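If you want the building blocks of each chain, they are given just below.
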Amino acid sequence: MDNPSGLLTRVPGENVALLPDLDEMKLLETLRSRYQENRIYTYIGDILIAVNPFQDLPLYSPQISDLYSSQPLNLLPPHIFAIADSTYSALQGMSGKLSRNQCIVISGDSGAGKTESTKLLLRHLVRRSRGNRQLGQQVLQVNPLLEAFGNAQTVMNPNSSRFGKYIQLRFQGGAVRGAKINEYLLEKSRVSHQDPGEQNFHIFYYMLYGSPEKEKEVYGLLQPSLYRYIGSRRDDVDTSQWTEGYQRASNAMRMVGFQEQEDMDLKVILSGVLSLGNVVFEPEETGGVKVCPSALGWLKAAAGQFGVQEEELLNCLVCTLSSARGESIRRLHSHQQAEDSRDSIARVVYSRLFGWIVCKINELLAGDLEMATELQEI
């Protein structure tokens, strides 16, 4: 097996817990010296520290994944595959240990590499278990799919996860037989507002800048510069990343198992969110507000994309209807209340759409579990 640049050769300092004198400065010096040699992984006991190299390193090939299979944690240099394999071995009760369900916790600052680490762990576990190949590929495509809808550019990180996720891999007979995802704390406010230097969720840019013109017509999308919810962008920005992202997200949806009609319906609703953001208001002479004449087209487009009546959507924006003692009461909104209603609807629609995607993923990844057999989980 090739040893890329000697990175799989063991050297001193791989487990700082074994150093005779360990304090904060010694820890940082060790991490810095290893990082300068592209040795981005270091153990502290059973904990793995990963320092983001912000570049591709030749450390993650299938051959290296196989090299770390069935090996004790301290036999080879520190690696995320070693953590994954140690977890799998403990799950199976290898080396004379009691078989128990396992948990891997991935934490760190924004940009530390949590999303990439998750994908690498899943890749090794799927390969190691040698289970249903199709299911394994579906599991691996979940992360790029959720990244498209749940990640965004921030000041600190161009691909920051703006939600939390808890992934359960379910095993029977040592093979992955199903998976489940729980999502929480989606940053819904990003749909309608982004701080300077930040962007909305990736999927909006994928659709506006990366989708073919024919598809944009199907979704009712116009020029990107027209939409308030995605902020201002220079025309000379290289948009190839959005084209690649759109293809990646579309391929992931197909591989996970979404139907073509589901994919189209989802993107039409996303277009409705963008259209809704362009609905603006002006005062009515009799009190309250109305939609500006120049924005009536956006209101009609949003209603059509959401599949609701235009009048019903308008009422949600400009007034609140309630009932008291059998009487219907109509309270007119102020300008600020109308804008808040617009943005609230956009955020709720996006949040429910994201929740539906996760539910659909869980349905598709339920697998062919034999309920009479006890399940194991990582």
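All values reported here derive from a predicted model rather than from experimental measurement.

## Observations concerning a negative patch on the surface
So, step 1. A contiguous patch of negative charge, built from Asp 21, Asp 23, Glu 24 and Glu 29, is present on the exposed surface.
So, step 2. Along the polypeptide, Asp 21 turns up in the segment before helix 1 (24–36).
So, step 3. Classification of Asp 21 by relative accessible area gives exposed; the value is 61%.

## Here's the deal with the UniProt feature "binding site: ATP" (unreviewed entry) in the chain
So, step 1. According to UniProt, the positions carrying the feature "binding site: ATP" (unreviewed entry) are Gly 108, Asp 109, Ser 110, Gly 111, Ala 112, Gly 113, Lys 114 and Thr 115.
So, step 2. Along the chain, Asp 109 turns up in the loop between helix 3 (80–92) and helix 4 (114–129).
So, step 3. With relative accessibility at 64%, the residue Asp 109 sits in the exposed group.

## Comments concerning the sheet that holds strand 6 (residues 175–184)
So, step 1. Spatially, the 3 strands line up as an open sheet ordered 6-5-11, and their pairing is antiparallel. In the strand order of this sheet, the two ends are held by strand 6 and strand 11 (376–377), each with one partner.
So, step 2. Sheet topology note: the strand 5 (residues 164–172)/strand 6 ladder contains 9 bridges and is antiparallel. The residue of strand 6 that forms the bridge with Gln 168 is Lys 180.
So, step 3. Packing against the sheet, helix 5 (residues 133–150) makes contact with strand 5 and strand 6, and its axis sits at approximately 20° to strand 6.

## Details of helix 8 (residues 240–256)
So, step 1. If you check helix 8, its first and last C-alpha atoms are 24 Å apart, about what 17 residues at 1.5 Å a residue would give, namely 24 Å.
So, step 2. On the buried face of helix 8, the contacting elements are helix 5, helix 6 (202–210), helix 7 (213–219), helix 9 (260–277) and helix 12 (335–364).
So, step 3. Where helix 8 ends, the next residue or the one after it, Gly 257, has phi of about 125°, a positive value.

## Concerning the environment of Ser 161
So, step 1. Mapped onto the fold, Ser 161 is located in strand 4 (residues 160–161).
So, step 2. Among the residues examined, Ser 161 registers a relative accessible area of 25% and is labelled partly exposed.
So, step 3. With 42 residues separating them in the primary sequence, Ser 161 and Lys 119 have C-alpha atoms 13 Å apart.
So, step 4. Excluding its chain neighbours within four sequence positions, the residues that come into contact with Ser 161 are Thr 115, Gly 150 and Asn 151.
So, step 5. Only 3.3 Å separates the side chain of Ser 161 from the side chain of Asn 151, close enough to count as a polar contact.

## Overview of the packing of aromatic side chains
So, step 1. According to the stated counting rule, one finds 9 aromatic pairs in the structure shown.
So, step 2. Through pairs of rings, three or more aromatic residues link up here, namely Phe 201, Phe 204 and Tyr 350.

## Some details on the nonpolar core
So, step 1. Residues Phe 149 and Ile 361 are the most contacted members of the largest nonpolar core, which totals 89 residues.
So, step 2. At 8 residues, helix 12 tops the list of elements feeding residues into this core.
So, step 3. The residues touching Phe 149, leaving out its near neighbours within four places in the chain, are Phe 201, Ile 203, Leu 266, Leu 270, Tyr 350, Phe 354 and Ile 357.

## Focus: the packing of helix 5 against helix 6
So, step 1. Remark: helix 5 packs on helix 6, axes separated minimally by 5 Å, with the N-to-C direction vectors making an angle of 90°. In terms of orientation, helix 5 and helix 6 fall into the roughly perpendicular class. Here Glu 147, Ala 148 and Phe 149 of helix 5 lie close against helix 6, whose contacting residues are His 202, Ile 203 and Tyr 206.
So, step 2. When the residues that make up the contact of helix 5 with helix 6 are grouped by side-chain class, the tally is 4 nonpolar, 1 polar and 1 charged.

## A closer look at the pairing of strand 9 (residues 319–324)
So, step 1. Bridge analysis of strand 9 against strand 10 (residues 327–332) gives 6 bridges, and the strand direction is antiparallel. When the bridges of strand 10 are listed, Thr 320 appears paired with Arg 331.
So, step 2. The hairpin turn running from strand 9 into strand 10, its antiparallel successor, is 2 residues long, and Arg 325 in that turn takes a positive phi close to 55°.

## Looking at the side chain of Ser 89
So, step 1. Tracing the backbone shows Ser 89 in helix 3.
So, step 2. Classification of Ser 89 as buried rests on a relative accessible area of 15%.
So, step 3. Those residues in contact with Ser 89, other than ones at most four positions away along the chain, are Met 94 and Arg 128.

Reading the values: rules and limits
Residues numbered from 1 in each chain as written. Predicted model: local features only at pLDDT ≥ 70, side-chain atom pairs only at ≥ 80, totals over all residues. Heavy atoms only, no water. Patch = residues over 30% accessible without salt bridge, like charges linked within 9 Å, V, L, I, M, F, W, Y side chains within 5 Å. Areas by Shrake-Rupley, 256 points an atom, 1.4 Å probe, with all protein chains shown as cover. Salt bridge = Lys/Arg side-chain N within 4 Å of Asp/Glu carboxyl O. Lys, Arg positive; Asp, Glu negative; His and termini not counted. Charge placed at Lys NZ, Arg CZ, Asp CG, Glu CD. Helix = DSSP H or I, 4+ residues; strand = E, 2+ residues; numbered from the N terminus. Buried < 20%, exposed > 50% of the residue type's maximum accessible area, 1.4 Å probe, protein only. UniProt positions renumbered as here; feature names shortened; annotations may be inferred. Pairing = 2+ DSSP bridges. Contact = heavy atoms within 4.5 Å. Axes fitted to C-alpha atoms, helices over the stretch in contact; angles between N-to-C directions. Expected span 1.5 Å × (residues − 1). Polar contact = N/O pair within 3.5 Å; in protein donor to acceptor, adjacent residues only side chain to side chain. Phe/Tyr/Trp six-rings, centres within 6.5 Å; stacked < 30°, edge-to-face > 60°. Core = buried A, V, L, I, M, F, W, Y, C linked by side-chain atoms within 4.5 Å. Parallel < 35°, antiparallel > 145°, perpendicular 65-115°, else oblique. Nonpolar A, V, L, I, M, F, W, Y, C, P; charged D, E, K, R; others polar.

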